[in-house]
Amino acid sequence: MQFWVIQTLNSLALGGLLFLLSSGFSLIFGLMRMANLAHGVFFMLGAYLGVTLLQAGVNFWLAALGGGLLVALLGGLLERCVLRALAGNEQGQVLVTLGVSFIVADLCLVVWGGDPIPLSPPAGLRAPLFFMGLAFPTYRLAVLFVAIAAAVLLYVVMERTRIGAMIRAGVDDMAMARIVGIRVSLLFTTVFCLGAALAGAGGVIGGPMLSAYPGLDSDMLPLALVVVILGGVGSLVGSFVGSFIVGGLYSFGTALFPDLAYFVLFLPMLLVLVLRPRGLFGRTLA
Amino acid sequence: MSITLRRRTVLKGLAAASAGAASLRAPAVIAQPAPIRVGFLTVKTGPLASGGIQMEQGLTLYMKERNSMLAGRPVEIITADTGGVPANARAKTQELVERNQVACLIGPLAAFEALAIDDYIRQERVPTLSVAAAEDMTQRKANPWFVRATSTSAQCSHPMGDYAAKELKYKRVGVIADDIAYGHELIAGFQRVFEDNGGKVVQKLWPPLAVPDYGSYIAQIKPDLDALFIGFAGSNGFRFIRQFNEFGLGGKIPIIGGMTAIDESLLKNMGDEALGLISTCWYSAQLDNASNRKLVEGMERDYKTDPGFYAAATYVNGAVLEAAFQAIDGKAEDKDALIKALKATDIKETARGPVRFDPYGNVVGNVYIRKVERKGGKLVNAVIKTYPDVSQFWTWSPQEFMANPVYSRDYPPARFLE
């Protein structure tokens with residue numbers, strides 16, 4: 001009983017964190033038709049910026065916001081100055097983002113060193129929560145609530161605002177979106193910044209769970225890829241559901257079939273790719 | 001084979017010719033003996049860079065203290081960054097040997113890198129002082145050109161098994177380590193000695209090497225264990241202990257650690273939750289000997305940090321190299337003489353204590369059981385017991401030890417899992 005409760009809570013907390021990471025990845029993928037392989041490094045950079053901001057005495061949630069904004073700035077520069085030059089050449093763009101991820105990772109190494117650095121959770125959330133004889137980290141529950149709040153906010157933006165409608169139009173049919181007068185190029189920058197901001201803020205919020213360490217980027221990126229492939233490219237609902245599926249597979253997979261941890265994680269991805277290549281919630285991209 | 005020889009002869013001829021030409025033109029340049037070139041394979045980029053950078057710091061410090069002179073000859077360290085990638089380690093080794101013509105190598109860091117250059121250093125006969133811990137490099141498949149002054153994966157775990165059973169009086173212990181050969185070997189050594197002394201390993205957990213979150217593993221840990229032995233490498237031990245405490249387990253189940261799990265480099269970013277953690281290693285920054293005092297002082301002065309496993313490793317390698325160079329009057333280019341001298345090294349005092357080698361090229365040296373304490377405001381690994389002159393074969397004879405299969409996930413078999 002205890003096992004199931006704890007692992008369920010674990011799945012949910014990890015799923016929440018994965019949503020913060022993968023929702024931006026999915027939107028960028030859906031709109032710009034390219035896998036932004038720098039997304040993992042955005043997450044890691046966010047965690048490291050969080051370290052510095054927290055050391056400067058900034059409030060935790062403001063640090064998350066600040067980390068998000070700074071990473072968004074970097075994302076905007078990357079999109080405007082580099083990816084723009086390769087417009088229409090998606091393969092080139094993917095390779096460039098991979099290169100950028102190596103560069104940023106090594107810069108992080110220079111600035112913050114190679115030793116892992118912990119991030120302290122906000123003061124009120126440090127002690128574990130005890131209920132029915134079980135102990136569970138309070139902070140992980142907070143992560144889950146933050147992720148749900150972010151999901152609701154993103155959903156409202158995507159479904160109820162003009163900019164959201166434009167993004168959806170771009171994901172569904174870019175050529176048609178251009179014809180009806182949507183400035184797709186501006187949209188690219190907006191979405192790229194938004195995605196980077198989510199990853200950066202996610203890095204700060206994930207920090208107290210994962211710590212900031214070299215290699216965090218490459219530990220997280222494959223999980224984001226699985227989420228997006230499962231959920232469907234460009235679909236917010238898809239990355240939400242996908243995140244919690246992956247969180248569950250990961251937690252229960254490693255616990256129930258420890259020798260097959262990766263198999264359990266990647267097999268569903270394979271099945272989805274074969275049986276439903278667009279993902280659970282993906283639409284046909286024009 | 002004959003092709004290599006011929007190519008080498010040609011190269012030598014060319015080198016001699018150009019040297020002759022150079023000396024004709026500028027006869028006054030050669031004032032002091034030519035430097036001994038030492039190749040240094042380390043990792044300065046990527047996820048393993050933390051250890052690699054400390055390796056460089058330790059070696060740089062040693063050479064600085066000697067003013068870059070060993071055995072009366074200047075020494076030139078040629079550093080190569082492998083990025084922790086086996087293929088790069090191989091390419092860089094080749095470059096160091098063939099282009100830079102190094103007399104010997106220090107490094108590489110990781111076992112998979114050492115395995116990637118294993119056949120090459122045999123073929124080219126390059127004396128190599130590595131910190132990689134792979135057991136069979138100095139056991140069943142001993143490489144005659146490989147010398148290890150640090151320890152095998154299990155060399156420090158054997159004493160820990162002994163200590164946990166006899167002094168800590170633990171009966172039921174769980175183990176968790178990275179699911180890689182290093183983790184398997186390290187755990188196996190602990191399990192074998194612990195169970196030989198009446199203990200039982202009742203739970204084994206193997207998370208993959210790259211796991212961001214240990215939550216789902218922590219939730220599986222049996223609540224009634226006497227202790228949990230952690231065999232993590234790199235930053236994984238640090239993250240595991242943090243998450244372990246996050247789940248409210250800190251203080252409820254004692255943690256004991258392998259040689260890389262609770263390193264000095266990790267302690268500096270840890271808090272009071274680390275107090276009391278017991279671990280085993282061939283080194284501690286707290287060792288009180290003249291060589292180690294210099295190392296600790298130097299690291300504090302130049303890098304504002306305590307030396308840990310990796311900095312001490314290359315610092316000790318520097319001492320071993322110096323002793324060997326002295327034994328052969330600095331004629332380091334004679335490979336056969338150098339490897340013989342390296343293996344015959346017997347130093348009474350290095351930063352880790354006395355160092356000598358067994359016939360397989362692996363160190364026989366002290367292993368320390370350490371406990372985290374707070375001293376002068378910082379966390380340190382205080383030595384609570386010394387196991388003197390520990391061999392990679394522990395108390396068995398080499399023949400007896402190597403008659404068994406190499407340590408792995410399934411050997412020795414776990415008989416007491418619950």
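Fair warning: this is a prediction, and the values are worked out from it, not measured in the lab.

Let us now look at the overall build of chain B. Helix and strand counts for chain B come out as 13 helices and 15 strands. Taken against the 2.2 N^0.38 rule, which gives 22 Å for 418 residues, the C-alpha radius of gyration of chain B at 22 Å falls within 12% of a compact globule. Across its three principal axes, chain B shows a C-alpha extent of roughly 80 × 50 × 40 Å. Contacts in chain B between residues far apart in sequence, at least 24 positions, make up 68% of those at least 6 positions apart. Both charge centroids of chain B, one from 49 positive and one from 45 negative side chains, sit 3 Å from each other.

So, on to the overall build of chain A. In terms of helices and strands, chain A carries 11 helices and 2 strands. Going residue by residue from the N terminus, the α and β elements of chain A occur as α-α-α-α-β-β-α-α-α-α-α-α-α. Taking 19 Å as the expected radius of gyration for a compact globule of 286 residues, we find that chain A reaches 19 Å, a close match to that expectation. With respect to the principal axes defined by its C-alpha atoms, chain A has extents near 60 × 45 × 35 Å. In chain A, buried positions account for 56% of the 286 residues. Residue pairs at least 24 apart in sequence account for 79% of intrachain contacts in chain A once pairs closer than 6 positions are excluded. Carbon and sulfur atoms provide 73% of the accessible area of chain A, an area that totals close to 11700 Å².

Another point: unusual backbone geometry. Residue and element names in this part refer to chain B. Of note, the bond from Gly 107 into Pro 108 is cis; its omega dihedral lies within 30 degrees of zero at -5 degrees. If you trace the backbone, Pro 108 turns up in the loop between β4 (104-106) and α4 (111-124). Cis geometry is found at the peptide bond from Tyr 411 to Pro 412, where omega equals -5 degrees. Structurally, Pro 412 is set in the segment after α13 (398-402). One non-glycine residue, Lys 169, lies in the positive phi region at around 60 degrees. For Lys 169, the location among the structural elements is in the loop between α5 (157-166) and β7 (172-176). Judged by its relative accessible area of 58%, Lys 169 falls in the exposed class.

Moving on, we come to a nonpolar patch on the surface. Residue and element names in this part refer to chain A. Taken together, the side chains of Trp 4, Leu 256, Phe 257, Leu 260, Phe 263, Leu 267, Leu 270, Leu 271, Leu 273, Val 274 and Leu 275 make up a nonpolar region of the molecular surface, amounting to roughly 1100 Å² of accessible area. Here the nonpolar patch takes 7 residues from helix α11 (residues 261-275), the largest share from any one element. The topology assignment puts Leu 260 in the loop between α10 (236-256) and α11.

Backbone hydrogen bonds hold the strands of a sheet together, and the pairing may be parallel or antiparallel. Residues and elements named next belong to chain B. Strand order in this open sheet of 6 strands is β2-β3-β1-β4-β5-β6, and the pairing throughout is mixed. Each having just a single partner strand, β2 (69-70) and β6 (146-147) make up the two edges of the open sheet. The sheet strands contacting helix α3 (residues 86-98) are β1 (36-42), β3 (73-81) and β4, and the helix crosses β1 at an angle near 175 degrees. Seen against the sheet, helix α11 (residues 309-327) touches β1, β2, β3, β4 and β5 (128-129) and runs at an angle of roughly 160 degrees to β4.

What follows concerns the nonpolar core. One finds Phe 42 of chain A together with Ile 221, Leu 228, Ile 230, Phe 240 and Phe 244 of chain B to be the most contacted residues of the largest nonpolar core, which totals 113 residues. Per-element tally for this core: the top contributor is helix α1 (residues 2-32) of chain A, with 14 residues. Not counting residues up to four positions away in its chain, the partners in contact with Leu 228 of chain B are Gly 174, Val 175, Ile 176, Ile 221, Phe 240, Phe 244, Ile 253, Pro 254, Ile 255 and Ile 256 of chain B. Of all hydrophobic cores here, the second largest spans 91 residues; its members include Ile 106, Ile 187, Leu 287 and Ala 311 of chain B.

Right, let's talk about the confidence of the model for chain B for a bit. Residues and elements named next belong to chain B. Residue-level pLDDT values for chain B average 91, and 92% of them are 70 or greater. Within the model, the stretch residues 1-5 combines pLDDT values under 50 with 1 contact to residues more than four positions away or in other chains. Here residues 13-28 is modelled with pLDDT under 50, and outside its nearest four sequence neighbours on either side it reaches 0 contacts, counting other chains as well.

This next bit is on the packing of helix α10 (residues 290-303) of chain B against α11 of chain B. Residue and element names in this part refer to chain B. Between α10 and α11, the least distance of the axes is 11 Å, while the angle of their chain directions is 125 degrees. Here α10 lies oblique to α11, going by the angle between them. In the packing of α10 onto α11, the handedness of the crossing is right-handed. Each of Ser 291, Lys 294, Leu 295 and Met 299 in α10 lies in contact with α11, whose residues at this interface are Ala 311, Ala 312 and Tyr 315. Tallied by class, residues from the contact of α10 with α11 come to 5 nonpolar, 1 polar and 1 charged.

The subject of this paragraph is the confidence of the model for chain A. Mean pLDDT over chain A works out to 90, with 99% of the residues at or above the 70 mark. Within chain A, no element has a lower average pLDDT than strand β1 (residues 128-131) of chain A, which sits at 82, and none a higher one than helix α2 (residues 39-55) of chain A, at 96.

Right, let's talk about the pairing of β1 of chain A for a bit. Residue and element names in this part refer to chain A. Relative to strand β2 (residues 134-137), β1 runs antiparallel, the two being bridged by 4 bridges. Paired with Phe 131 across the two strands is Leu 134, which belongs to β2. A loop of 2 residues connects β1 with β2, the two strands running antiparallel in sequence, and Met 132 in this loop sits at a positive phi of about 50 degrees.

Looking now at the environment of Lys 294 of chain B. Residue and element names in this part refer to chain B. Inspection of the secondary structure assignment puts Lys 294 in helix α10. Here Lys 294 falls in the partly exposed class, since its relative accessible area comes to 42%. As for Lys 294 and Ala 351, which are separated by 57 residues in sequence, their C-alpha atoms are 8.5 Å apart. Setting aside its immediate chain neighbours within four residues, Lys 294 contacts Glu 65, Arg 66 and Tyr 315.

A word on the packing of aromatic side chains. All names here are of chain A. Counted by the stated rule, this structure contains 25 aromatic pairs over all chains. Plain terms: the ring middles of Trp 4 and Phe 252 are 5.5 Å apart, the flat faces sit at 25 degrees to each other, and that makes the pair stacked. Pair noted here: Trp 4 is in helix α1 and Phe 252 is in helix α10, with a separation of 248 residues, a long-range link. Taking the relative accessible area as the measure of exposure, Trp 4 reaches 46% and is therefore partly exposed.

Listed by partner, the interface residues are 38 residues for chain A and 31 residues for chain B. When the two sides are added together, the surface that chain A and chain B hide from each other amounts to roughly 2800 Å², 54% of it contributed by carbon and sulfur. Interface area lost by chain A to chain B is led by Asp 115, Pro 116 and Tyr 250 of chain A, which between them contribute 18%. At the surface where chain A touches chain B, the tally comes to 3 salt bridges. Here Glu 246 of chain B ties to Arg 140 of chain A by a salt bridge, and the two come within 3.1 Å at their closest N and O atoms. Between chain A and chain B we count 12 residue pairs in polar contact (both at pLDDT 80 or more) in total. Every element with two or more residues in the side of chain A that touches chain B is listed here: α1, α4 (90-112), β1, β2, α8 (184-210), α9 (216-231), α10 and α11 of chain A. Counting residues per element, the side of chain A that touches chain B draws most heavily on α1 of chain A, at 5 residues.

Now for the packing of α8 of chain A against helix α8 (residues 236-246) of chain B. Here α8 of chain A crosses α8 of chain B at 85 degrees, and the two axes come no closer than 9 Å. Considering their axes alone, α8 of chain A and α8 of chain B lie roughly perpendicular with respect to each other. Counting all contacts with α8 of chain A, which are made through Pro 208, Met 209 and Leu 210 of chain A, the residues of α8 of chain B involved are Arg 239, Arg 242, Gln 243 and Glu 246 of chain B. Its residues assigned to classes, the contact of α8 of chain A with α8 of chain B shows 3 nonpolar, 1 polar and 3 charged.

Thresholds, definitions, all that
Within any chain, residue numbers begin from 1 and follow the written order of that chain's sequence. Naming scheme: in the order in which they are written, chains are lettered from A and ligands are numbered from 1. Where totals are concerned, whole chains, interfaces and linings use all residues; where local detail is concerned, this predicted model gives features only for residues with pLDDT of at least 70, and gives and counts side-chain atom pairs only at 80 or more. Here the side-chain values reflect all heavy atoms present in the structure, with hydrogen atoms and water set aside. Every helix listed is a DSSP run of H or I at least four residues long, and every strand listed is a run of E at least two residues long, numbered separately from the N terminus. All radius of gyration figures rest on C-alpha atoms, and the globule criterion is 2.2 Å times the number of residues raised to 0.38. The contact definition used throughout considers only heavy atoms, calling two residues in contact when any of these lie within 4.5 Å. Here Asp and Glu are counted as negative and Lys and Arg as positive; His is not counted, and neither are the chain ends. In this description, the location of a charge corresponds to atom NZ of lysine, CZ of arginine, CG of aspartate or CD of glutamate. Each residue is placed in one exposure class: buried if its accessible area under a 1.4 Å probe, protein chains only, is under 20% of its type's maximum, exposed if it is over 50%, and partly exposed if it falls in between. Using a 1.4 Å probe, the Shrake-Rupley method yields the accessible areas, and only the shown protein chains count as cover for residues. The patches reported here contain residues having more than 30% relative accessible area and no salt bridge. Joining distances are 9 Å for like charges and 5 Å for nonpolar side chains (Val, Leu, Ile, Met, Phe, Trp, Tyr). By convention in these notes, a salt bridge is any Lys or Arg side-chain nitrogen within 4 Å of a carboxyl oxygen on Asp or Glu. Strand pairing is assigned whenever DSSP detects at least two bridges linking the two strands. To get an axis, fit a line to the C-alpha atoms, keeping to the stretch in contact for a helix; angles then go from 0 to 180 degrees between the N-to-C directions. Put simply, buried Ala, Val, Leu, Ile, Met, Phe, Trp, Tyr and Cys residues joined by side-chain atoms within 4.5 Å make one nonpolar core. You can read pLDDT as the predictor saying how much it trusts each residue, on a scale of 0 to 100. Each angle gets one of four labels, with under 35 degrees taken as roughly parallel, over 145 as roughly antiparallel, 65 to 115 as roughly perpendicular, and the rest as oblique. Definitions for this section: a left-handed crossing has its near helix turned counterclockwise from the far helix by less than a right angle. A right-handed crossing has that turn clockwise. In this count, Pro and Cys sit with the nonpolar residues alongside Ala, Val, Leu, Ile, Met, Phe, Trp and Tyr, while Asp, Glu, Lys and Arg are called charged and the others, Gly among them, polar. Within 6.5 Å between ring centres, the rings of Phe, Tyr and Trp (the latter by its six-membered ring) count as paired, and their orientation is classed by plane angle as stacked under 30 degrees, edge-to-face over 60, tilted in between. Each of two parts loses accessible area, computed with a 1.4 Å probe, when they are put together; buried area is these two losses added. Counted as a polar contact is a pair of N or O atoms within 3.5 Å, where, for protein atoms, one must be capable of donating a hydrogen and the other of accepting one, and residues adjacent in sequence contribute only when both atoms are in side chains.

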